[in-house]
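The residues making up each chain are set out below.
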Amino acid sequence: MNKETRRSWAEIDLDALAHNYHQLRARAPHSRFVGLVKANAYGHGALPIAKELEALGADYLAVACIAEAEELREGGVTMPIIILGYTAPDETETLIRLNITQTVYDLELAKAFSDAAVALGAKLRCHLKADTGMSRLGVLCREEEIPPAADQLEAMYHLPGLDVEGLFQHFADADTCPEYSEMQIRRYNAILQELERRGCTFRLCHCCAGAATLNYPQAHYDMVRPGILLYGYSPDHACDGMIDVKPVMSVKSRVASVKRLPKGTCISYGRTYTLQRDSVIAAVTIGYADGLPRLLSSKQTFLWKEQNVPQIGRVCMDMCMMDVTDFPGVKVGDEVTIFGAEGSLQEMADTMGTITYELMCGIAPRVPRVYVKK
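Residues numbered from 1 in each chain as written. Predicted model: local features only at pLDDT ≥ 70, side-chain atom pairs only at ≥ 80, totals over all residues. Heavy atoms only, no water.

All right, on to the overall build of the chain then. Broken down by element type, the chain carries 11 helices and 19 strands. Principal axes of the C-alpha set define a box for the chain whose edges measure 80 × 45 × 40 Å. A buried classification covers 53% of the 374 residues belonging to the chain. Within the chain, counting contacts between residues at least 6 apart in sequence, those at least 24 apart form 68% of the total. (Helix = DSSP H or I, 4+ residues; strand = E, 2+ residues; numbered from the N terminus. Buried < 20%, exposed > 50% of the residue type's maximum accessible area, 1.4 Å probe, protein only. Contact = heavy atoms within 4.5 Å.)

Shown next as structure tokens:
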């Protein structure tokens, strides 16, 4: 036990990350690879993961906002970084100075970036965004509106302050709906061809996150950007078993107390759980302030020495309890796995009716990330 592992911690397996990276690169061997490190690298720690991906040979990194990009640059990451979300035009100087690529998705925003870059005597590298059916960011590119969409994108392309490197889109349902995804591919191809007919060519065309990387090799184009698969989980049950990936994060905690309690004793806040027998109850040093959802109270198991132990009673802010009556030998200081390679984050997500992304991103900053490599 050391300072980082004395309470609760997230163990990050860099060998598993490398394994997943190589598995994904093999699926798109002729495409460049974007490492998704937004949202603190899905909770894994943006800077250490970015440096590992840089060492592994990734071609680009992707973040959600300028603060995330600044953190990487300040930490010494030099490889290309694209911001997938909104940045205010008054940040143009920072984008150019730090050599950050910006997503541009409407003409008004594009003009503001261009004007700011021209005033600086420079150009801002950017990727244009087409909306083929996600209905979030991007120029709307439906079949009946390809010419007017191309008009907007062409106008952006020729702005004097922009160095337009790429054109991309985002799939809405690449996990489960081939018809919709194939429609999005047709729309993307149509706008790409129309723009190329007008003399607008792109160095990097990209469409595929994780599910699309697996399901639509015809859409790999110049670059792929897998997210959750890089961290060891399927983007949807429809993709289960399609690729061999390993969980990168394991969240672990410690036993703080072990005591005997009589039948009829109520456990934790709200007295939602009552012991049906004389029991041995252990308190564990993890709670909802660490990212363990309160909604999972009495609906999950933890691993102690490779055995599934039921968690009981409401999850508290900083602790929770588990019933160790049937597990003799549990003692104060013992390590307990909440989820990870030995547990089941997917099971926890299914129980809550959510996704693994949310649970990983929810692991709190006060939980140290400990990086291991064999």
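Inspection of every chain in the model, using the stated rule, returns 6 aromatic pairs. Ring plane angle 75° and centroid distance 4.9 Å describe the contact between Y21 and F33, whose orientation is recorded as edge-to-face. Taken together, the positions of Y21 in helix 1 (residues 14-27) and F33 in strand 2 (residues 32-36) put the pair 12 residues apart, joining distant regions of the chain. A relative accessible area of 2% means that Y21 is categorised as buried. (Phe/Tyr/Trp six-rings, centres within 6.5 Å; stacked < 30°, edge-to-face > 60°.)

Looking now at the state of the cysteines. Taken as a whole and assessed by the stated rule, the structure comprises 0 disulfides. For the unlinked cysteine C126, the closest cysteine sulfur is that of C200, found at 12 Å. The thiol sulfur of C205 is not disulfide-bonded, and the nearest other cysteine sulfur, from C207, lies at 7.7 Å. (Disulfide = S-S within 2.5 Å.)

Turning next to empty space enclosed by the protein. Applying the stated criterion across every chain yields a total of 1 cavity of 30 Å³ or more. Lining the largest cavity are V251, I286, G291, L292, P293, I338, F339, L345, M348, L359 and I363. Elements with a minimum of two residues in the lining of the largest cavity: strand 18 (335-339) and helix 10 (345-352). Here the residues of the lining of the largest cavity are counted per class, giving 10 nonpolar, 1 polar and no charged. (1 Å grid on protein atoms, 1.4 Å probe; cavity = no way out; pocket = protein on both sides within 12 Å on 5 of 7 lines; lining within 4 Å. Points joined across faces, edges and corners; volume = space filled by probe spheres on them. Nonpolar A, V, L, I, M, F, W, Y, C, P; charged D, E, K, R; others polar.)

Moving on, we get to helix 6 (residues 107-119). With 13 residues, helix 6 ought to run about 18 Å at 1.5 Å a step, and its terminal C-alpha atoms sit 18 Å apart, in line with that. Here helix 6 has its buried residues at L109, A110, F113, S114 and A117. Seen along its axis, helix 6 keeps its buried residues to an arc of 135°; they face one direction. Exposed and facing more than 90 degrees away from the buried side of helix 6 are E108, D115 and A119. Where helix 6 is buried, its residues contact helix 5 (92-97), strand 5 (100-104), strand 6 (124-131), helix 7 (146-157) and strand 8 (162-168). Sitting at the amino-terminal end of helix 6 is D106, which places a side-chain oxygen 3.2 Å from the backbone nitrogen of E108. Directly beyond the C-terminal end of helix 6, a positive phi value near 70° is found at G121. (Expected span 1.5 Å × (residues − 1). Arc of directions from axis to C-beta. Polar contact = N/O pair within 3.5 Å; in protein donor to acceptor, adjacent residues only side chain to side chain.)

We now examine the environment of T103. Looking at where T103 falls in the secondary structure, it is placed in strand 5. At 2.7 Å, the side chain of T103 forms a polar contact with the backbone oxygen of I83.

Another point: the layout of surface pockets. Roughly 710 Å³ of volume is contained in the largest pocket. In terms of lining, the largest pocket is formed by 31 residues, of which the most central are K38, R136, H170, A209 and Y357. Looking at the lining of the largest pocket, the elements that each hand over two or more residues are helix 2 (38-42), helix 9 (210-215) and helix 11 (356-361). Of the residues that constitute the lining of the largest pocket, the class distribution is 20 nonpolar, 4 polar and 7 charged.

To continue, consider the environment of L120. Note that L120 resides in the loop between helix 6 and strand 6. The exposure class assigned to L120 is partly exposed, which follows from its relative accessible area of 44%. L120 sits 28 residues away from T92 along the chain, and the two C-alpha atoms are 9.0 Å apart. Once residues within four sequence positions are removed from consideration, L120 is found in contact with T92, E93 and I96.

Tallying each qualifying case throughout the model produces 20 salt bridges. A salt bridge links E143 to R187, with the shortest nitrogen-to-oxygen separation between them at 2.9 Å. Placement of E143 in the loop between strand 7 (139-140) and helix 7 and of R187 in helix 8 (residues 178-197) is noted, with a sequence separation of 44 residues between them. When its relative accessible area of 13% is taken as the criterion, R187 is described as buried. (Salt bridge = Lys/Arg side-chain N within 4 Å of Asp/Glu carboxyl O.)

In this section: the environment of T213. Mapping T213 onto the fold places it in helix 9. Taking C-alpha positions, T213 is 7.0 Å from P226, a pair spaced 13 residues apart along the chain. Dropping the residues within four chain positions of it, T213 is found in contact with R27, C208, H220, V224 and P226. Reaching out from T213, the side chain makes a polar contact with the backbone oxygen of A209 at a distance of 2.6 Å.

Moving on to the pairing of strand 15 (residues 301-304). Inspection of the sheet shows strand 15 paired to strand 16 (residues 307-312) by 4 bridges, in the antiparallel sense. Paired with F302 across the strands is V309, a residue of strand 16. Where strand 15 hands over to strand 16, the hairpin turn is made up of 2 residues, of which K305 adopts a positive phi near 50°. (Pairing = 2+ DSSP bridges.)

Structural measurements only, silent on function.
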